[in-house]
Amino acid sequence: EELIRKDLEIKMKLKASINQTQSIKENRRKDILGLDNHIEQLEMDTKQLFSGQNKKLVQENNKFKEEKSALRTFLSETVAQKKALLTCPVCLNTASPPIYKCPSDHLICFECLPRMNRKCPTCRTRYDGSTKGSVTGFRLAEENYEELQKMKAKLDAM
């Protein structure tokens, strides 16, 4: 009888231990399921976050491209205007330094000046060597030429 009682006691302890182990196992399974759900939620949140940021980056990139295009257009127009200001009326090329002018501020390039028989090609004022009718360097046009070269370089770099 003593043996049966001890055997019964051991069986009860084993059953309690098995029940406790199964309870722990079930709790762990629930914990794992909870963590799996949490991981899935984090993955969805991450996708939404990256999707939102990606859209924002695409929008910013498009805005940057539009601004760059507008700047390029502006720079191209400004270069064309500077070229027009520096066009020699004789050869129709863009004048480069040294650039000369008549007393009325009409420019002429250094290559065409000797061919014009000392007359302005625009107003026909004679360059006679006196201070009133002499050909002089056109510093403003030369500065415009330097600005034109800088703008061309920036435009080419874009």
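Our subject is the structure that appears above.
Residues numbered from 1 in each chain as written. Predicted model: local features only at pLDDT ≥ 70, side-chain atom pairs only at ≥ 80, totals over all residues. Heavy atoms only, no water.

## Re the pattern of salt bridges
Spelled out, the test is: The salt bridge definition used is simple: a Lys or Arg side-chain nitrogen within 4 Å of an Asp or Glu carboxyl oxygen. Put simply, DSSP H or I for four residues or longer makes a helix, DSSP E for two residues or longer makes a strand, and each gets a number counted from the N terminus. Per-residue accessibility, obtained with a 1.4 Å probe over protein chains only, is compared with the maximum for each type, and a residue is labelled buried under 20%, exposed over 50%, and partly exposed between these values.
If you walk through the whole model with that rule in mind, you get seven salt bridges. Here Arg29 ties to Glu26 by a salt bridge, and the two come within 2.5 Å at their closest N and O atoms. Residue Arg29 and its partner Glu26 are located together in helix α1 (residues 2-85), separated by three residues, close to a single helical turn. For Arg29, a relative accessible area of 42% puts it in the partly exposed group. Of the charged contacts, one joins Glu147 and Lys82 as a salt bridge, the two residues approaching to 2.7 Å between their closest N and O atoms. Residue Glu147 is located in helix α2 (residues 139-157), and its partner Lys82 is located in helix α1; the two are separated by 65 residues in the primary sequence. Overlapping salt bridges bring together Glu2, Arg5 and Glu9 as one network.

## Focus: the nonpolar core
Let me state the cut-off plainly: Each nonpolar core is a collection of buried residues, namely Ala, Val, Leu, Ile, Met, Phe, Trp, Tyr and Cys, held together in the definition by side-chain atoms within 4.5 Å. When checking whether two residues touch, look at their non-hydrogen atoms; a contact exists if any pair is within 4.5 Å.
In terms of nonpolar packing, the biggest core is built from 21 residues, with Leu86, Ile99, Leu107, Ile108, Tyr127 and Ala141 touching the most fellow members. Broken down by secondary-structure element, the contributors of at least two residues to this core are α1, β2 (107-109) and α2. What Leu86 contacts, discounting residues up to four positions off in sequence, is Asn93, Thr94, Ala95, Ile99, Leu107, Ala141, Asn144, Tyr145 and Leu148.

## Thoughts on α1
This is how the line gets drawn: Multiply 1.5 Å by the residue count of a helix minus one, and that product is the helix's expected span.
Helix length check: α1 (84 residues) gives 122 Å between terminal C-alpha atoms against 124 Å at 1.5 Å per residue, within 8%. Taken residue by residue, α1 has Leu75, Thr78, Val79 and Lys82 as its buried positions. Buried residues belonging to α1 abut α2.

## Examining a positive patch on the surface
Test applied: The patch calculation keeps residues exceeding 30% relative accessible area without a salt bridge and links them within 9 Å when they carry like charges or within 5 Å when they are nonpolar (Val, Leu, Ile, Met, Phe, Trp, Tyr). Shrake-Rupley sampling with a 1.4 Å probe provides the accessible areas, and residues are treated as covered by the protein chains on show and by no other component. Asp and Glu are treated as the negative residues and Lys and Arg as the positive ones, with His and the ends of the chain left uncounted. For charged residues, the charge sits on one atom: NZ in Lys, CZ in Arg, CG in Asp, CD in Glu.
A surface patch of positive charge is lined by Arg118, Lys119, Arg124 and Arg126. With respect to the element layout, Arg118 can be found in the loop between β2 and β3 (136-137). Given a relative accessible area of 41%, Arg118 falls into the partly exposed group.

## Regarding unusual backbone geometry
Going from Pro97 to Pro98, the amide bond is cis rather than trans, its omega being -5 degrees. Here Pro98 lies in the loop between α1 and β1 (99-101). Positive phi, normally seen in glycine, also occurs at Asp105, with a value near 70 degrees. Take Asp105: it is sitting in the loop between β1 and β2. Residue Asp105 is classed as partly exposed on the basis of its relative accessible area of 42%. Of note in the backbone geometry, Arg124 takes a positive phi value of approximately 65 degrees without being a glycine. One can find Arg124 in the loop between β2 and β3.

Geometric descriptors of this kind do not, in isolation, establish any biological role.
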